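# Inside the fold
Given next are the chains, with one letter for each unit.
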Amino acid sequence: MITYVEAEAKNRRTSGVIPLHGEAGFAGMRKAGQLTAQALDLLVDAVKPGVTTLELDQLAYGFARDHNAIPATLFYKGYRHSICTSINHVVCHGIPDERPLREGDIVNIDITLIVDGWYGDSSRMYPVGEISRKSERLIEVTYESLAAGIAAAKPGNTTGDIGAAIQAHAEAERTSVVRDFVGHGVGQLFHDEPNIMHFGIPGTGALLKPGMIFTIEPMINLGRPHVKILADGWTAVTRDRTLSAQAEHSIGITATGNEIFTSSPKGWFNPLDARR
């Protein structure tokens, strides 16, 4: 298996032009996306009170190793883990550690696996034991907001249409959309063009065309949208310490709409569904 550094060395730098992929690219993303989705499915039963996020990280690393995949975050810009684990008021890029999860926590797990040079990028929200109704509703709104964005991702629309759809739904539910982080092009690069903002004005931004591949990954807060970065340089938290949630898919624009590459094989993209 090639190392992460070797895989990165083979990648081209982004040129600022939005790449358009053919069937070979879509096939590569299907394979990478499905393996990433399987890894996230594996974690559904593992997330429970008393388990540490470091144990979850080790589980994800073992899964990647056993399937000849490379966790894209491992040693990425100095990051030393295979997943990001963002708990409660952590918005994104939470670092796995030895603190046990507690009953009532909510945690986003974000993983990107490189398979044959293609990057499958996805994240989900996991409830830890029994959670409060406000936590459950935040998760529901986050998934609904992602679904609204995906529904707007079709040829002839724009990236602004995606953001506007997400923002309209989230704010109608009296939640807020984080402005500091965006979705991004993905494929044979971890981060490529275009940027996908999760707020915006309909009809603005880049025109969506068949062959575009990118992530949509809204971060929704119960309170205000403002975030700050902790001293570790990675962890982003809500400034008002309110709960935050995120859900992410990698998708490709087709001639008639879009294809989701990271759908759960078990129908568990929202782990709350696994309980119902």
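All residue numbers here refer to positions counted from 1 along the written sequence of the relevant chain. Given that this is a predicted model, residues contribute local features only at a pLDDT of at least 70 and side-chain atom pairs are listed and counted only at 80 or more, while totals for whole chains, interfaces and linings are drawn from all residues. Values reported for side chains reflect all heavy atoms of the structure, with hydrogen atoms and water molecules removed beforehand.

### Section: the side chain of His 198
We count it as follows: Labels follow the DSSP assignment, with helices taken as runs of H or I lasting at least four residues and strands as runs of E lasting at least two, numbered in each case from the N terminus. Whenever two N or O atoms come within 3.5 Å, that pair is a polar contact, provided that in protein one can donate a hydrogen and the other can accept it, and provided that, for residues adjacent in sequence, both atoms are side-chain atoms. Working rule for contacts: check all heavy atoms of both residues, and any pair within 4.5 Å makes them a contact.
With respect to the element layout, His 198 can be found in the loop between β8 (192-196) and β9 (213-216). A polar contact is formed between the side chain of His 198 and the backbone nitrogen of Glu 217, at a distance of 3.1 Å. What His 198 contacts, discounting residues up to four positions off in sequence, is Gly 163, Ile 166, Gln 167, Val 177, Phe 181, Val 182, Gly 183, Ile 216, Glu 217 and Pro 218.

### Some thoughts on the sheet that holds strand β6 (residues 176-177)
Note the following rule: A pair of strands is treated as paired once DSSP finds two or more bridges between them. Orientation is described by lines fitted to C-alpha atoms, with helices fitted over the stretch in contact, and by angles between N-to-C directions that extend from 0 to 180 degrees.
Spatial ordering of the open sheet is given by β6-β10-β13, a layout of three strands whose pairing is antiparallel. Looking at which strands have only one partner, the edges of the open sheet turn out to be β6 and β13 (244-246). Judged from the three bridges that link them, strand β10 (residues 219-221) and β13 form a sheet pairing that is antiparallel. Its bridge partner being in β13, Asn 221 is matched across the sheet by Ser 244. Strand contacts of helix α4 (residues 133-151): β10 and β13, with the helix running at about 140° to β10, the strand carrying the most contacts.

### A few points about the packing of α4 against helix α5 (residues 159-172)
Selection rule: For classification purposes, angles smaller than 35 degrees are called roughly parallel, those larger than 145 roughly antiparallel, those between 65 and 115 roughly perpendicular, and all remaining angles oblique. For a crossing to be left-handed, the near helix must be turned anticlockwise from the far one by less than a right angle; the clockwise case is right-handed. Three classes are used, and their members are as follows: Ala, Val, Leu, Ile, Met, Phe, Trp, Tyr, Cys and Pro are nonpolar, Asp, Glu, Lys and Arg are charged, and the others, Gly among them, are polar.
One can describe the packing of α4 onto α5 by two numbers: an axis separation of 8 Å at closest approach and a directional angle of 150°. Classed by the angle they form, the pair α4 and α5 counts as roughly antiparallel. Every pair of crossing elements has a handedness; the one defined by α4 and α5 is right-handed. Note on element contacts: α5 touches α4 through Ile 162, Ala 165, Ile 166, His 169 and Ala 170, opposite Val 141, Glu 144, Ser 145, Ala 148 and Gly 149. Grouping the constituent residues of the contact of α4 with α5 by class yields six nonpolar, three polar and one charged.

### As for the pattern of salt bridges
Rules: Here, a salt bridge means any side-chain nitrogen of Lys or Arg that lies within 4 Å of a carboxyl oxygen of Asp or Glu. Partly exposed describes any residue whose relative accessible area lies between the buried limit of under 20% and the exposed limit of over 50%, with all areas from a 1.4 Å probe on protein chains only and scaled to the type maximum.
Inspection of the entire model under this criterion finds 12 salt bridges. Across the salt bridge formed by Glu 173 and Arg 137, the nearest N and O atoms sit 3.0 Å from each other. Highlighted residues: Glu 173 in the loop between α5 and β6 and Arg 137 in helix α4, separated in sequence by 36 residues. A relative accessible area of 34% places Glu 173 in the partly exposed class. Via salt bridges that share partners, Arg 133, Glu 136, Arg 137, Glu 140, Glu 144 and Glu 173 belong to a single interconnected network.

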